[in-house]
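What follows is each chain in one-letter form.
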Amino acid sequence: MDIPTLEQSFTAYFNSKPEFIVRAPGRVNLIGEHTDYNEGFVLPMAIDRSVWIALSPRADSKIRIRSLDALATVSANLEVDSAFELNSLTKGKGWGEYIKGVAYELQRAGYELRGFDGVMTGDIPRGAGLSSSAAVELATARAFAAASGFEWDAVQMAKLAQKAENEWVGVNCGIMDQMASAACKEGYALFLDCRTLEHQHAPLPENVSLVILDTSTRRGLVDSAYNERRSQCEEAARWFGVTALRDVSVDEFYKSKVKSELSEIVMKRARHIITENARVLEAVNVMKDGNIKRLGELFNASHDSLRDDFEVTNDALNIMVACARELPGCYGARMTGAGFGGCAVALVEKENAQEFTKAVSTTYKQKSGLEASIYVCKASEGACIVER
Ligand code: GLA
């Protein structure tokens, strides 16, 4: 993003210079798909695509945010009355709901919010599985922290943003995207335990690039298929007599009578989650040892399990992953995010990366008839104030 242009846009709307510029990134998940709402493990990384807000605090509790992309303005009054009724915040539709939802949850959690004027823009493709909505939520939280002067607590902010998405927006997502956008560190992936929210910054291997392969197919998350997967996982957890599938080991799974006693579908869903958790743990270890070859194999196994057992890939994702795996320097490739469309991610030898991006676009187009967007991404910092 070009910061001077954002500043100029702010000045054009509000006739003054913005006091702060904040940003929050999108994410790509390296491995650990659909494990977050099973209280398991994930390994996302913040990408160098973000949402930015230029802002200045106001004397009152109003917010006005102009989106340079949606060409629309969201205004709300955040006054809280004596009964702590959040009065004038009303629900509507569109991107403004993420902002209002975050304001609502921050206030409910006891944060005293000061209003602000802001302009917002971003470069994360929407609906592509790169968490553009989590980025709007965390950029909003970061803007409120800057305007109201409270300290940034990444875990707390991620939890409130998730709550906003679950309850205000009505999307039943897990915690991974919000944690990645809030808490990642430049140059590192985030190894996160979704039960305790304990996390470690895992250094990324040298000499390899992470390449995002956008299939250009889209499917919304507010989708019955996501909720259906969640309830199938819950059914399996009940059968195993545990709080969440995180508590079942691969060994226990294979020794159990799950195959004869649960429906084939629920058994497959459970098998994906249980083996995927094990893959994340192994991925973190092999990353430490610099064993890229094994990391690539784990990427591949994850995709295959999402395709065959969890059944959340589509043809475009399967074609993309197959095209990527055939190319020189590619250690492994898998879909990333919720699935049903969106992006895959490939682990590619650095010196092959440029060549790879060209070749994969060409073969993907030949095989699917679709135009892909491919980018080599950098592990970026979580939500922050941009130094000027
Ligand atoms: C979406 C959700 C996440 C997670 C992934 C699948 O991105 O927002 O919470 O469940 O799907 O891993």
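Use the structure listed above.
Description of the structure in this document.

About the thresholds
Residues numbered from 1 in each chain as written. Predicted model: local features only at pLDDT ≥ 70, side-chain atom pairs only at ≥ 80, totals over all residues. Heavy atoms only, no water. 1 Å grid on protein atoms, 1.4 Å probe; cavity = no way out; pocket = protein on both sides within 12 Å on 5 of 7 lines; lining within 4 Å. Points joined across faces, edges and corners; volume = space filled by probe spheres on them. Helix = DSSP H or I, 4+ residues; strand = E, 2+ residues; numbered from the N terminus. Nonpolar A, V, L, I, M, F, W, Y, C, P; charged D, E, K, R; others polar. Near = heavy atom within 4 Å. Polar contact = N/O pair within 3.5 Å; in protein donor to acceptor, adjacent residues only side chain to side chain. Areas by Shrake-Rupley, 256 points an atom, 1.4 Å probe, with all protein chains shown as cover. Core = buried A, V, L, I, M, F, W, Y, C linked by side-chain atoms within 4.5 Å. Buried < 20%, exposed > 50% of the residue type's maximum accessible area, 1.4 Å probe, protein only. Contact = heavy atoms within 4.5 Å.

What to know about the layout of surface pockets
- Counted as a void, the second largest pocket has a volume near 240 Å³.
- In terms of residue count, the dominant contributor to the lining of the second largest pocket is strand β9 (residues 208–214) (3 residues).
- Of the residues belonging to the lining of the second largest pocket, the class tally is 8 nonpolar, 2 polar and 2 charged.

Considerations on the environment of alanine 383
- Within the secondary structure, alanine 383 is located in the loop between β12 (373–377) and β13 (384–385).
- It is 18 Å that separates the C-alpha atoms of alanine 383 and proline 18, two residues lying 365 residues apart in sequence.

Overview of the site of the ligand
- With respect to spatial proximity, 13 residues lie near the ligand, and among them Glu33, His34, Asp36, Asp177 and Tyr226 are the closest.
- In the environment of the ligand, an oxygen atom lies 2.6 Å from a nitrogen or oxygen atom belonging to the side chain of tyrosine 226.
- Coverage of the ligand by the protein amounts to 97% of the 310 Å² it exposes when considered alone.
- In terms of residue class, the shell around the ligand is made up of 6 nonpolar, 3 polar and 4 charged.

Focus: the nonpolar core
- Membership of the largest hydrophobic core comes to 84 residues, with the highest contact counts inside it found for Leu43, Leu106, Phe116 and Phe144.
- The dominant element in this core, judged by the number of residues it contributes, is helix α3 (residues 132–148), at 10 residues.
- Residues in contact with leucine 106, not counting those within four places in the same chain, are Tyr111, Leu113, Ala141, Phe144, Phe150, Met157 and Leu160.
- The next biggest cluster of nonpolar side chains, apart from the first, holds 44 residues, and it includes Val171, Cys173, Leu262 and Val312.

Purely spatial values, then, with no claim about function.
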